[in-house]
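Close look at the chain arrangement
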Amino acid sequence: MSEAAIRVATSDDIPSMIRLAEEHRRELSSFQPVMWREAAKASEKQAGFFTHQIAQENVIALVAQSKSELAGFAIGSLVGAPPVYSPGGLTLLIDDFAIAGGERWDGLGKRLVQELTLRAKAAGAVQAVVICPHLLSDKREFLGMEGFEIASEWWVRSL
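Described below are features of the structure shown in this document. The shown structure was predicted, so the numbers you read here are calculated from the model rather than taken from an experiment.

In this approach a probe as big as a water molecule rolls over the atoms, and the regions it shows empty are the leftover space. In this structure, the largest pocket spans a volume of roughly 1900 Å³. Along the walls of the largest pocket sit 49 residues, with Val130, Ile131, Cys132, Pro133 and Trp154 positioned nearest its centre. If you list the elements that add at least two residues to the lining of the largest pocket, you get helix 1 (14–31), helix 2 (42–54), strand 3 (69–80), strand 4 (90–99), strand 5 (125–130) and helix 4 (137–145). By residue number, the principal contributor to the lining of the largest pocket is strand 4, which donates 6 residues. Across the lining of the largest pocket, the residue classes break down as 31 nonpolar, 9 polar and 9 charged. In this structure, the second largest pocket is lined by Glu23, His24, Glu27, Ile99, Ala100, Gly101, Gly102, Glu103, Trp105, Leu136 and Asp138.

Encoded structure:
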């Protein structure tokens, strides 16, 4: 288990977050090259997106600092669920979530999710949703062990 310290992300962390996201995207593109392919100027676009995200009041962005480098990050947005679902409060939507190679989802990933959910619950969230690629089996297993259930799947094909 990583001894990384969990803390709030700052703009200084964005280059390292981009590096981790690129590593993660390379792995994901081997699973599903249509959905997870790298876009032109992906790092530049993602840097702008992360800069915007961490400045939002409804966003909880955390990093795991291990010695001199980042070992992981997770970004959760506090959003309202569509009225048809009506969970009775805000939803924590965890979309951008990456850990360094050599780290474990059930170790460092778990610590990031636990800290995100504690902060989200304090802010009024009543449920959490985590985006997880279908073939990322170790992350899927970790989420199941944490009590998450599959609510939907996205099916993709080229046209």
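That was the structure; now back to the text.
Turning our eyes to something else, we now look at the packing of aromatic side chains. Applying the stated criterion to the full structure yields 3 aromatic pairs. Residues Phe50 and Phe73 carry aromatic rings whose centres are separated by 5.4 Å and whose planes lie at 70° to one another, so their mutual orientation is edge-to-face. Taken together, the residues Phe50 in helix 2 and Phe73 in strand 3 connect sequence positions 23 residues apart. In terms of burial, Phe50 and Phe73 fall into one category: buried.

Right, let's talk about the packing of helix 3 (residues 105–122) against helix 4 for a bit. Running from N to C, helix 3 and helix 4 point in directions that differ by 55°, and their axes come no closer than 10 Å. Here helix 3 lies oblique to helix 4, going by the angle between them. Of the two elements, helix 3 crosses helix 4, and the hand of that crossing is right-handed. Taking contact as the criterion, the partners of Trp105, Asp106, Gly109, Lys110 and Val113 in helix 3 are, on helix 4, Asp138, Lys139, Phe142 and Met145. Residues that form the contact of helix 3 with helix 4 fall into these classes: 4 nonpolar, 1 polar and 4 charged.

Here we come to helix 4. Residue pairs spaced three or four apart in an α-helix point in one direction, given the helix's 3.6 residues per turn. Of all the positions in helix 4, only Lys139, Phe142 and Leu143 are classed as buried. What you see down the axis of helix 4 is that its buried residues fit within an arc of 100°, all on one side. Away from its buried face, by an angle of more than 90 degrees, helix 4 presents the exposed residues Ser137, Glu141 and Met145. Next to the buried residues of helix 4 lie strand 4, helix 3 and strand 5. Directly beyond the C-terminal end of helix 4, a positive phi value near 90° is found at Gly147.

Cut-offs used in this document
- Residues numbered from 1 in each chain as written.
- Predicted model: local features only at pLDDT ≥ 70, side-chain atom pairs only at ≥ 80, totals over all residues.
- Heavy atoms only, no water.
- 1 Å grid on protein atoms, 1.4 Å probe; cavity = no way out; pocket = protein on both sides within 12 Å on 5 of 7 lines; lining within 4 Å.
- Points joined across faces, edges and corners; volume = space filled by probe spheres on them.
- Helix = DSSP H or I, 4+ residues; strand = E, 2+ residues; numbered from the N terminus.
- Nonpolar A, V, L, I, M, F, W, Y, C, P; charged D, E, K, R; others polar.
- Phe/Tyr/Trp six-rings, centres within 6.5 Å; stacked < 30°, edge-to-face > 60°.
- Buried < 20%, exposed > 50% of the residue type's maximum accessible area, 1.4 Å probe, protein only.
- Axes fitted to C-alpha atoms, helices over the stretch in contact; angles between N-to-C directions.
- Parallel < 35°, antiparallel > 145°, perpendicular 65-115°, else oblique.
- Left-handed = near helix turned anticlockwise from the far one by under 90°.
- Contact = heavy atoms within 4.5 Å.
- Arc of directions from axis to C-beta.

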